Amino acid sequence: MTTYPGMPVARQTEEGRRLPNPAPEKRLVLRMLELWRRARKDDPLPHASDITVADVGSDAEHVYMIDVLDPAGPRFTYVGSALHAAGGPPSSGTLVAECPDETVLTLTARHWREIVERHVPVTRGGIGRHGGSSVLYRSIMMPLADESGRISTLLGAVNWRALEDQHGTPAE
Amino acid sequence: MALPPSNSVGGATRTYEIQRYSGGRWMLDSVADEKDMAIAVAKSLMSGTRGPSGVRVMSVQQNSNGEFSQVTVYRATPLDEHNAEAVVRKLKVQDEVKAFREQRDFERKHKDDPPPPPPKRKKGRFADIILAVQLAFGIGLTITAVQMLRIVMR
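Residues numbered from 1 in each chain as written. Chains lettered and ligands numbered in written order. Predicted model: local features only at pLDDT ≥ 70, side-chain atom pairs only at ≥ 80, totals over all residues.

### Things to note about the overall build of chain A
For the record, the criterion: Every helix listed is a DSSP run of H or I at least four residues long, and every strand listed is a run of E at least two residues long, numbered separately from the N terminus. The exposure label follows from counting other C-beta atoms within 10 Å of a residue's C-beta, where the C-beta atoms are placed from the backbone and the thresholds are 20 or more for buried and 12 or fewer for exposed, leaving partly exposed in between. A pair of residues counts as a contact when their C-beta atoms, built from backbone coordinates, are within 7 Å of each other.
When its secondary structure is counted, chain A shows 4 helices and 5 strands. Along chain A, from the amino end to the carboxyl end, the secondary structure elements read α-β-β-α-α-α-β-β-β. Taking all 172 residues of chain A together, 36% fall into the buried category. Looking at chain A alone, contacts between residues at least 24 apart form 47% of all its contacts between residues at least 6 apart.

Laid out in structure tokens, this is it:
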């Protein structure tokens, strides 16, 4: 198992019985999914107004949001700084269709239609190109609804690691 | 659910659907393209604060001719957990009974055996010296007697 500094370690009692780990989930995808589930409450989908970028805390730099009701086509309304820095454009306001190739943002956001049709979160991962390097990525996109219950926004998150960097941050 | 699956495997495409049991039926919760990720999502769903009464992961494969096939690759319900605990308890009791029987059989088997003979006492070095003195004294006495007899016979 890959570990990194500060990673919580499961505790044991003196009798060797394992205690539940109280530390937060270390995988970005599962953290985001838990946030989405909590916002959903008893509704089929969470309302777009129930989740903001501020709610995702330190994960915000790996998060993006897409407005799927824009007349011109799905459009980014938020792109986290990590996605900016590594892949250059796009920024908020860019159409998904204009997202440059060979970025993890394109790898995940181009599947927006599947989430709209299935009405459920979808996780994707694999190997792709990002910033000129081969990366192993893991992503999730989750639907958010407007007041009428129609899907209006997609909340996505993605992280990755360069395949050459075997000792770097583990892909979650 | 006739949607294009996420993962392509040898001409067929495969996805993993995480389903939750709610209101007496299985409902689609989320979709993943990898089995391990799907099971991790299912476990997180089950352990969440508003966990359902059951979760399962279905591997859904669509062949190139459009045919669908699906199989359950993971399932967890409170009943499953209860059954798993019951199996562990049963195995533990079986082990205890087996150990008890082996102990009982061992004791029965050796119950009618004669008691082992007491260990022989080893003679000490002092006893050997006494024996040597006795032998020497006896030999000397015999030689003296023979000499006296020869003197008398002259």
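Anyway, onward from the coordinates.
### Looking at the overall build of chain B
Across its full length, chain B holds 3 helices and 5 strands. For chain B, the α and β elements follow one another from N to C terminus as β-β-β-α-β-β-α-α. Taken across its 154 residues, chain B has 16% of its residues classed as buried. The contacts in chain B between residues at least 6 apart in sequence include a share of 44% that link residues at least 24 apart.

### Description of the nonpolar core
Which entries qualify depends on this criterion: Linking buried Ala, Val, Leu, Ile, Met, Phe, Trp, Tyr and Cys residues through C-beta atoms within 7 Å yields a set, and such a set is a nonpolar core.
One finds Met32(A), Tyr64(A), Ile18(B) and Val41(B) to be the most contacted residues of the largest nonpolar core, which totals 52 residues. Setting aside its immediate chain neighbours within four residues, Tyr64(A) contacts Phe76(A), Tyr78(A), Val79(A), Gly80(A), Leu83(A), Leu105(A), Ala109(A) and Gly156(A).

### With respect to the interface of chain A and chain B
The test is simple: The residue classification treats Ala, Val, Leu, Ile, Met, Phe, Trp, Tyr, Cys and Pro as nonpolar and Asp, Glu, Lys and Arg as charged. All others, Gly included, are polar. Strand pairing is defined by DSSP finding a minimum of two bridges between the two strands.
Listed as interface residues are 13 residues of chain A and, on the opposing side, 14 residues of chain B. Mapped onto the side of chain A that touches chain B, the elements with two or more residues apiece are α1 (28–40), α4 (112–118) and β3 (122–130) of chain A. Split by residue class, the side of chain A that touches chain B holds 5 nonpolar, 2 polar and 6 charged. Note: β3(A) against strand β3 (residues 25–32) of chain B, 2 bridges, orientation parallel. Of the residues in β3(B), the one forming a bridge with Thr123(A) is Ala32(B).

### Quick word on helix α3 (residues 125–153) of chain B
Applied cut-off: Helices are assigned an expected span. That span is 1.5 Å times one less than the residue count.
Here α3(B) contains 29 residues, and its C-alpha end-to-end distance of 43 Å stays within 8% of the 42 Å for a straight helix at 1.5 Å per residue. With 0 of 29 residues buried, α3(B) lies mostly on the surface of the structure.

### Overview of unusual backbone geometry
Residue and element names in this part refer to chain A. With a phi close to 55°, Lys41 is a non-glycine residue in the positive phi region. In this structure, Lys41 sits in the loop between α1 and β1 (63–67). Backbone geometry at His119 places phi at a positive 65°, although glycine is not the residue there. Tracing the chain through its elements places His119 in the loop between α4 and β3. For His119, a count of 12 C-beta atoms within 10 Å puts it in the exposed group.

### Topic: the environment of Ala42(B)
Residues and elements named next belong to chain B. The residue Ala42 is located in helix α1 (residues 35–47) in this model. Using a count of 26 C-beta atoms within 10 Å as the deciding quantity, one classes Ala42 as buried. Once the C-alpha coordinates of Ala42 and Arg56 are considered, the two residues, 14 residues apart in sequence, prove to be 6.8 Å apart. If we skip the residues at most four places from it in the chain, Ala42 touches Ile18, Val55, Val57, Tyr74 and Ala76.

### Quick word on the pairing of strand β5 (residues 68–76) of chain B
Two strands pair when backbone bridges link them, and strand β4 (residues 55–62) of chain B and β5(B) are joined in this way by 8 bridges, in the antiparallel orientation. Of the residues in β5(B), the one forming a bridge with Val57(B) is Tyr74(B).

### A word on α1(A)
Between its first and last C-alpha atoms α1(A) spans 18 Å; for 13 residues at 1.5 Å apiece the expected length is 18 Å, and the two agree. Looking at α1(A), one finds that the buried residues are Leu28(A), Val29(A), Leu30(A), Arg31(A), Met32(A), Leu33(A), Leu35(A), Trp36(A) and Arg37(A).

### Regarding the confidence of the model for chain A
The line we're drawing: Per residue, pLDDT measures the predictor's confidence, with a range of 0 to 100.
Across chain A, pLDDT averages 82, with 77% of residues at or above 70. Within the model, the stretch residues 1–15 of chain A combines pLDDT values under 50 with 13 contacts to residues more than four positions away or in other chains.

### Observations concerning the environment of Gly131(A)
Looking at the secondary structure, you find Gly131(A) in the loop between β3 and β4 (133–145). Residues Gly131(A) and Asp101(A), 30 residues apart in the sequence, show an inter-C-alpha distance of 9.5 Å.

### Examining the confidence of the model for chain B
All names here are of chain B. Taken residue by residue, chain B gives an average pLDDT of 84. The fraction at 70 or more is 90%. Across chain B, element-level confidence peaks in β3 with a mean pLDDT of 94 and bottoms out in strand β1 (residues 7–9) with 60. Confidence metrics for the complex model read pTM 0.66 and ipTM 0.75.

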